[in-house]
Amino acid sequence: MRILKAEKYEEMSALVAGVIGARVLLQPRCGLVLATGSSPIGTYEKLVEAHRAGRLEFSQVRTVNLDEYCGLSGDNPQSYRYFMEKHLFSQVNLPQGGTHLPNGTAPDMEAEARRYEALVESLGYADLQLRGIGHNGHIGFNEPCDSFPAAVHPVELTESTIQANSRLFDRVEDVPTRAITMGTGTTLKARRILLIPGADKRAIAEKALTGPIPPRVPRPVLPLHRHLTGI
Ligand code: F6R
C-alpha cells in the first residue's frame, strides 16, 4: 500500500489525474474503473485539460463505472451516466461504445448485475480503479453488511447514504433508495486501486487504510489489495 499526501483538493486532483494519465500513456488500451461524486470531479477536470492540451488521448481506453442508481435512466441529470457524460465522456476522445455503467432501468436488476459483472470480467476487470469513500465507509454502494459481496449486485441504500446524497437532489424523497454496484470481490480483482477521500473524509479514510478489518465495515478490506494507493 502506498499513501500519497495532498494538502488541497486541487493538489489531490492533479496528483490523481497524473497517476491516471501515466497509466493511459503507458498502456493506451487500459481499462479504467471510474467513480462519480464530489471527490473525482477535479480529477476529471485535470484529465480534460490534459486532453485539450494534446497531452493525453483516450481513443483506446475502456471504462466501467462502479455503480448507478436504480430507476434513473442515463438522460436523467441525477444519474451517474449523466454525471460521467458531463464531467468526462463528452469532453475527451473515449471510443464510441467504450464507456459502461450498469443500466439503472433494467427490468430485472439481478439479471443486470450478472450482465454487468460478466462485462467487467470480459474487460479483464481493471488496470486502475478510482474510488471515493462514503461517510459511513461505503465503497461503491457497498454499505456496511455482514459479508463481503463478491460480485455486482443490487443494494438498498442506507439512510445515511440517502441523506448524504440528497444534497444533489431537490428533495430527499427524490433520492433513489436502491442502486446497483460492483461488489467488494469485483474491486479486489482490479490490478490497482486509487482511493481518493474528499477533505471531509480524513477520519474514515485513515480508518479505511490503517484500521482493523472487521467484516461489518466493508471498506477496510481494501488494504488487502497488493496495489492500493490512498491519497
Ligand atoms: C460513486 C460511489 C460512491 C462515492 C462516495 C463518496 O460512484 O461509488 O461510493 O465514491 O459516496 O462520494 P463523494 O466523492 O461525493 O464524497
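See the structure printed just above.
Enquirer: Tell me about the pairing of strand β3 (residues 62–65), residues and numbers included.
Expert: Pairing of strand β2 (residues 31–34) with β3 involves four bridges; the strand directions are parallel. Paired with Leu32 across the bridge in β3 is Thr63. Handedness of the β-α-β unit built from β2, helix α2 (residues 41–52) and β3 comes out right-handed. For β3 and strand β5 (residues 99–100), the ladder comprises two bridges, and the chain directions are parallel. For Thr63, the partnering residue across the bridge sits in β5 and is Thr99.

Enquirer: Before we move on, could you go through the pattern of salt bridges and cite the residues and values that matter?
Expert: Summed over the entire model, instances satisfying the criterion amount to seven salt bridges. When the shortest N-O distance is used, the salt bridge between Glu173 and Arg171 registers 3.9 Å. A relative accessible area of 56% places Glu173 in the exposed class. Between Arg171 and Asp174 there is a salt bridge, and its shortest N-O distance comes to 2.8 Å. By sharing partners, the salt bridges in this structure join Arg171, Glu173 and Asp174 into a single network.

Enquirer: Residue-level account of the sheet that holds strand β7 (residues 153–156), with values.
Expert: Strand order in the open sheet formed by three strands is β4-β8-β7, with antiparallel pairing between adjacent strands. Lying at the two open borders of the sheet, with one neighbouring strand each, are β4 (67–69) and β7. Geometrically, the sheet is characterised by an average inter-axis angle of 25° between neighbouring strands, direction not taken into account. As judged from the four bridges shared by β7 and strand β8 (residues 178–181), these two strands associate in the antiparallel manner. Each residue of the ladder has a partner; that of Glu156, found in β8, is Arg178.

About the cut-offs
- Residues numbered from 1 in each chain as written.
- Predicted model: local features only at pLDDT ≥ 70, side-chain atom pairs only at ≥ 80, totals over all residues.
- Heavy atoms only, no water.
- Pairing = 2+ DSSP bridges.
- Helix = DSSP H or I, 4+ residues; strand = E, 2+ residues; numbered from the N terminus.
- Right-handed = clockwise from strand over helix to strand, strands pointing away.
- Salt bridge = Lys/Arg side-chain N within 4 Å of Asp/Glu carboxyl O.
- Buried < 20%, exposed > 50% of the residue type's maximum accessible area, 1.4 Å probe, protein only.
- Axes fitted to C-alpha atoms, helices over the stretch in contact; angles between N-to-C directions.

The quantities given are spatial measurements derived from coordinates; they are silent on function.
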